[in-house]
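A closer look at the structure
Below are the chains, spelled out letter by letter.
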Amino acid sequence: MKARLLTVGNKMPSWVQSGFNEYYKRIQPMLSTEIVELAAAKRARNPSDANLAQYREQEGQTILAAHATAAREQLWVLDVKGKMLSTEDLAEKLADAMQQGDDIALVIGGADGVSQEVLAQADVKWSLSALTLPHPLVRVVLMEQLYRAMSINHNHPYHRGN
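Summarised in this report is the structure supplied together with it. (Residues numbered from 1 in each chain as written. Predicted model: local features only at pLDDT ≥ 70, side-chain atom pairs only at ≥ 80, totals over all residues. Heavy atoms only, no water.)

This part takes up helix H2 (residues 49-68). With 20 residues, H2 should reach 28 Å at 1.5 Å per residue; the first-to-last C-alpha distance of 28 Å fits that figure. Looking at H2, one finds that the buried residues are Tyr-55, Glu-59, Gly-60, Ile-63, Leu-64, Ala-66 and His-67. Seen end-on, H2 carries its buried residues on one side only, within an arc spanning 160°. For H2, exposure combined with an orientation more than 90 degrees from the buried face picks out Ala-50 and Ala-68. (Helix = DSSP H or I, 4+ residues; strand = E, 2+ residues; numbered from the N terminus. Expected span 1.5 Å × (residues − 1). Buried < 20%, exposed > 50% of the residue type's maximum accessible area, 1.4 Å probe, protein only. Arc of directions from axis to C-beta.)

Printed below as a string of structure tokens:
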């Protein structure tokens, strides 16, 4: 199984790269992981609601184009209105995808969210938290949770939960 993180935006601060890289290195033996950084839409200084919708649509097309390049890849979209999962639930979902022989694409949308088209095509809509988190921090939290879930699936002692 392979996981691709389709993330809108690049040029992350060094602390994000450091945290992300730590878990990225750790997870590779358990889950081949790749990050695909997608260009964010160029934003106006004071965008209108119509501008924001246009940015989501433009970024959504980029996300779906990146997803279309892979065969048998489930689309998991991080969305504030998505379902919250425990780490154990995440481990089970990952195990199910592996069992089915599917890869996964995990989408971290742009600053204004993801388009309705991306949400409509999502196999999983997942909320990391009811809190609003900055996109750079989401990368680190997502990688840590993937690593933790895979450690459960591989009987690794990292996860000391229930």
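Further remarks concern the packing of aromatic side chains. Going through the model one piece at a time under the given rule, you end up with two aromatic pairs. An angle of 20° between the planes, with centres 5.8 Å apart, marks the rings of Phe-20 and Tyr-24 as stacked. Taken together, the residues span about one helical turn, with Phe-20 and Tyr-24 both in helix H1 (residues 14-27) at a distance of four residues. For Tyr-24, a relative accessible area of 27% corresponds to the partly exposed category. Relative to Tyr-147, the ring of Tyr-23 lies with its centre 6.1 Å away and its plane at 45°, an arrangement referred to as tilted. Taken together, the residues Tyr-23 in helix H1 and Tyr-147 in helix H5 (residues 135-153) connect sequence positions 124 residues apart. Here Tyr-147 falls in the buried class, since its relative accessible area comes to 5%. (Phe/Tyr/Trp six-rings, centres within 6.5 Å; stacked < 30°, edge-to-face > 60°.)

The interhelical angle for the contact between H1 and H5, taken along N-to-C directions, is 15°, at an axis separation of 9 Å. With respect to their mutual orientation, H1 and H5 come out roughly parallel. As H1 packs across H5, the resulting crossing turns out to be left-handed. Across the interface between the two elements, Trp-15, Val-16, Gln-17, Gly-19, Phe-20, Tyr-23, Tyr-24, Arg-26 and Ile-27 of H1 pack against Pro-136, Leu-137, Arg-139, Val-140, Met-143, Glu-144, Leu-146, Tyr-147 and Met-150 of H5. For the contact of H1 with H5, the class distribution of residues is 13 nonpolar, two polar and three charged. (Axes fitted to C-alpha atoms, helices over the stretch in contact; angles between N-to-C directions. Parallel < 35°, antiparallel > 145°, perpendicular 65-115°, else oblique. Left-handed = near helix turned anticlockwise from the far one by under 90°. Contact = heavy atoms within 4.5 Å. Nonpolar A, V, L, I, M, F, W, Y, C, P; charged D, E, K, R; others polar.)

In this structure, Ser-129 sits in the loop between strand E5 (124-127) and H5. There is a polar contact of 2.9 Å between the side chain of Ser-129 and the backbone nitrogen of Leu-131. Excluding anything up to four places from it in sequence, Ser-129 contacts Val-80 and Met-84. (Polar contact = N/O pair within 3.5 Å; in protein donor to acceptor, adjacent residues only side chain to side chain.)

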